[in-house]
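Coordinates in review
So you can see what is in the structure, the chains are spelled out below.
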Amino acid sequence: MAGETLDADIIVVGAGNAAASAAIAARNAGARVIMLEAAPKEERGGNSTYTAGATRLVYNGAEDVKTLVDLSEAELASMDFGSYSAEQYFDDMYRMTRYRTDPELCELLVNNSLSTWQWLKAQGVRFQTSQGRQAFKVDGKYKFWGGLCVEIWGGGPGLVDMEHAIAEKKGVDIRYETAGVSLLTDDSGITGMRTRHKGKTRDLTAGAVVLACGGFESNAEMRTRYLGQGWELAKVRGTRFNTGAGIKMALDIGAMPHGHWSSCHAVAWDMNAPPFGDLSVGDNFQKHSYPLGIMVNARGERFVDEGADFRNYTYAKYGHVVREQPDMLAWQIFDKKVLHMLRDEYRIRRVTKVSADTLEELVRKLEGVDPKRCLEELTAYNAAVMTDVPFNPAVKDGRGTKGLEVPKSNWANVLDTPPYEAYAVTCGVTFTFGGLKISTGCEVEDTAGHTIPGLYAAGELVGGLFYHNYPGGTGLTSGAVFGKIAGEGAAAHALGSRQRGG
Ligand SMILES: Cc1cc2nc3c(=O)[nH]c(=O)nc-3n(C[C@H](O)[C@H](O)[C@H](O)COP(=O)(O)OP(=O)(O)OC[C@H]3O[C@@H](n4cnc5c(N)ncnc54)[C@H](O)[C@@H]3O)c2cc1C
């Protein structure tokens with residue numbers, strides 16, 4: 001197929017962070033790029049738009065942070081960033097995934113984490129420090145914990161707006177309400193994409209395709225089939241458009257499934273949140289301050305160690321634990337001592353919350369919970385707190401409980417100071433872990449282990465990085481790192497075959 005007669009050198013399917021990174025990288029390499037977005041413009045950008053923009057990257061103290069964020073001397077003096085080495089990142093990825101993360105992909109992720117965000121900064125993406133969610137003030141200074149200290153300016157909506165503006169300025173042709181339906185192939189590999197726009201089917205020809213159109217989290221049938229019974233009832237935290245289309249169309253032409261297909265990222269999410277994400281609320285239906293309090297289920301019992309680790313290392317698997325509770329329900333309980341430390345998401349208007357001046361009154365207000373058993377549980381918990389150990393939310397303080405069947409390992413406080421507040425949560429699914437097998441060049445591999453010429457993938461639909469759990473802030477970094485590699489690889493493939501006249 002002669003290059004000039006193609007509709008584009010590259011078609012990027014999706015318009016979130018992974019897709020935009022691929023489109024920008026491919027355009028920088030001189031390729032003509034069409035980016036397909038199934039959603040209308042107002043809902044563009046997939047899950048990337050729903051994020052707070054937290055990004056996990058390797059940094060060696062303030063010097064590296066300064067390569068991304070412009071900081072005044074006064075701001076620098078008020079922050080203790082610590083550092084986050086490649087070894088710590090590897091350790092977190094291996095520990096979280098129970099040593100299953102694909103070593104080659106993990107190495108690419110970690111080793112390119114800082115440089116890829118620096119590249120996006122050079123393209124025009126702006127950053128800020130994340131003391132609001134990732135630091136506690138200790139002795140007048142923000143002390144960061146948990147490996148995250150930088151986020152995107154304006155969060156997820158800011159990221160998508162900036163990336164789309166950059167892509168458009170560079171001449172990427174973005175087509176809204178245009179879904180990729182199936183891959184077009186011949187014996188040489190990928191030749192294009194069948195698309196659908198407002199009910200009309202159209203085949204677009206291209207030298208290469210980058211699939212970056214998300215996992216199958218928004219597809220109730222696939223969730224039930226792969227994650228298991230009951231998952232169709234989980235709320236979806238983000239976009240309604242990630243229905244597994246990219247994964248399915250690649251499997252249809254012989255791509256290799258890879259990774260933890262029966263698992264996903266899932267969190268504690270407001271009980272009364274809508275079935276899919278709502279951009280006017282973003283990620284604020286999440287309730288992530290549970291390490292400062294306790295959680296009880298419908299039986300009135302605690303069921304998980306709320307203080308096992310910093311929230312960045314437990315939140316993505318605790319949605320699973322909540323899902324397993326009766327009625328898929330839990331209440332998070334706090335007393336006045338920690339209310340000022342709760343994350344902003346606890347102060348939104350659309351929140352399922354009760355408060356009371358006594359524990360007796362509180363347990364009666366917890367809808368769906370056995371009040372008698374719950375009061376016994378709270379009393380036993382209060383008696384077990386190791387009050388002789390000082391409380392410090394910025395470190396794993398070891399202030400736990402003694403003698404309980406379900407321990408709390410850190411940040412345990414006696415619930416004794418009214419007002420008491422409780423928040424009802426259920427399971428909210430973020431994204432699925434299973435997906436496609438790719439090479440280190442982001443080429444999609446087939447079931448025989450050969451790369452499919454002209455087919456690349458990046459972002460959520462790549463399998464093999466995450467198993468069981470996930471260190472917070474890695475999704476955006478993964479999309480950017482693999483998106484850039486996929487875009488560059490696709491451009492080299494398409495332009496190479498254009499030069500060869502193939
Ligand atoms: C509420 C929430 C908060 C989060 N917070 C963070 C955070 O702070 N930090 C972090 O690192 N990660 C976070 N994540 C995870 C992060 O959003 C994802 O890991 C990452 O954004 C995925 O990027 P992606 O480009 O692969 O997919 P997406 O951003 O979801 O993009 C997929 C795109 O494909 C489009 N699409 C789907 N099907 C088709 C089709 N057939 N044809 C054309 N287009 C299609 C979608 O409309 C969308 O534009 C969060 C997720 C959610 C839901």
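Scope of this entry: the structure provided in the associated data block. (Residues numbered from 1 in each chain as written. Predicted model: local features only at pLDDT ≥ 70, side-chain atom pairs only at ≥ 80, totals over all residues. Heavy atoms only, no water.)

**Focus on the overall build of the chain**
This is how the line gets drawn: A run of H or I in DSSP becomes a helix once it reaches four residues, and a run of E becomes a strand once it reaches two; helices and strands are each numbered from the N terminus. We take the radius of gyration over the C-alpha atoms and set the globule estimate at 2.2 Å times the residue count to the 0.38 power. Categorising residues by exposure relies on relative accessible area from a 1.4 Å probe, with only protein chains included: less than 20% of the type maximum marks a residue as buried, more than 50% marks it as exposed, and the intermediate range marks it as partly exposed. In this analysis, two residues are considered to be in contact whenever any of their non-hydrogen atoms come within 4.5 Å of each other.
Counting its secondary structure elements, the chain contains 16 helices and 22 strands. The C-alpha radius of gyration of the chain comes to 23 Å, within 12% of the 23 Å expected for a compact globule of 502 residues. With respect to the three principal axes, the spread of C-alpha positions in the chain is 75 × 50 × 40 Å. Taking all 502 residues of the chain together, 61% fall into the buried category. Expressed as a percentage of contacts within the chain between residues at least 6 apart in sequence, the contacts between residues at least 24 apart total 74%.

**Digging into the environment of Ala 212**
Within the element layout of this structure, Ala 212 appears in the loop between strand S12 (200–211) and helix H10 (220–227). With 271 residues separating them along the chain, Ala 212 and Gly 483 place their C-alpha atoms 7.8 Å apart. With sequence-adjacent residues up to four places away left out, Ala 212 is seen in contact with Val 13, Gly 14, Ala 18, Ala 19, Ala 458 and Leu 461.

**Notes on the nonpolar core**
The criterion, for reference: Here, the term nonpolar core denotes a set of buried Ala, Val, Leu, Ile, Met, Phe, Trp, Tyr and Cys residues that are joined through side-chain atoms within 4.5 Å.
By size, the foremost hydrophobic cluster in this structure holds 141 residues, and its most contacted members are Ile 10, Trp 117, Leu 211 and Phe 482. No other element matches helix H16 (residues 474–499), which puts ten residues into this core. Every residue in contact with Trp 117, bar those within four places of it in the chain, is listed here: Asn 17, Thr 55, Leu 57, Leu 68, Phe 127, Ile 152, Leu 159, Leu 476, Thr 477 and Ala 480. Among the nonpolar cores identified, the runner-up in size contains 23 residues, and Val 296, Leu 362, Leu 415 and Tyr 420 belong to it.

**Here we look at the sheet that holds strand S3 (residues 54–55)**
This is how the line gets drawn: We call two strands paired when DSSP finds no fewer than two bridges between them.
In spatial order, the strands read S3-S8-S5; together these three strands make up an open sheet with antiparallel pairing. Every interior strand has two partners, whereas the edge strands, S3 and strand S5 (127–129), have only one. Where S5 meets strand S8 (residues 150–152), three bridges bridge the pair, whose relative direction is antiparallel. Note that in S8 the partner of Thr 129 across the bridge is Val 150.

**As for the sheet that holds strand S6 (residues 135–138)**
Sheet architecture is open: three strands sit in the order S4-S7-S6, paired in mixed fashion. Only two strands of the sheet have a single neighbouring strand rather than two, namely strand S4 (79–80) and S6. Direction of pairing for S4 relative to strand S7 (residues 141–144): parallel, over a ladder of two bridges. Bridge pairing in S7 places Asp 80 opposite Lys 143.

**Focus on the pairing of strand S10 (residues 178–186)**
Here S10 pairs with strand S11 (residues 189–197) via eight bridges, running antiparallel. The residue bridging Ser 182 from the neighbouring strand is Arg 194, located in S11. Between S10 and S11, which pair antiparallel and follow one another directly, the connecting turn spans two residues.

**Focus: the site of the ligand**
For the record, the criterion: When we say a residue is near a molecule or strand, we mean one of its heavy atoms is within 4 Å of it. Between N or O atoms, a polar contact is any pair within 3.5 Å; within protein, one atom must be a potential hydrogen donor and the other a potential acceptor, and residues adjacent in sequence are included only when both atoms are from side chains. Reported accessibility uses the Shrake-Rupley method at a 1.4 Å probe radius. Residues are deemed covered only where the shown protein chains occlude them. Throughout, the ten residues Ala, Val, Leu, Ile, Met, Phe, Trp, Tyr, Cys and Pro are labelled nonpolar, Asp, Glu, Lys and Arg are labelled charged, and all others, Gly among them, are labelled polar.
Among the 39 residues in the neighbourhood of the ligand, the closest are listed as Glu 37, Asn 47, Ser 48, Asn 242 and Leu 476. Gly 45 places a main-chain nitrogen or oxygen 3.3 Å from an oxygen atom of the ligand. In this structure, Gly 473 approaches the ligand through a main-chain N or O atom, which is 3.3 Å from an oxygen atom. For the ligand, the accessible surface in isolation is 1,000 Å², of which the surrounding protein chains cover 97%. The set of elements that each furnish at least two residues to the shell around the ligand consists of helix H1 (17–28), helix H2 (46–50), S10, strand S19 (420–432) and H16. It is H2 that provides the largest number of residues to the shell around the ligand, a total of four residues. When its residues are assigned to classes, the shell around the ligand shows 16 nonpolar, 19 polar and four charged.

**Side note on the packing of helix H5 (residues 86–96) against helix H6 (residues 103–111)**
Packed helices, taken two at a time, are described by the angle their axes make and the gap between the axes. The condition that has to hold: Angles shown run from 0 to 180 degrees and are taken between the N-to-C directions of axes, each axis being a line fitted to C-alpha atoms and, for helices, limited to the stretch in contact. Roughly parallel means an angle under 35 degrees; roughly antiparallel means over 145; roughly perpendicular covers 65 to 115; every other angle is labelled oblique. Each crossing gets its handedness from the near helix: less than a right angle anticlockwise from the far helix is left-handed, clockwise is right-handed.
Interaxial distance between H5 and H6 falls to 10 Å at its minimum, and their mutual angle equals 140 degrees. As the angle between them shows, H5 and H6 are arranged oblique. Read as a crossing pair, H5 and H6 show a hand that is right-handed. On the side of H5, the interface is formed by Ala 86, Tyr 89, Phe 90, Met 93 and Tyr 94, while H6 contributes Pro 103, Cys 106, Glu 107, Leu 109, Val 110 and Asn 111. Of the residues belonging to the contact of H5 with H6, the class tally is nine nonpolar, one polar and one charged.

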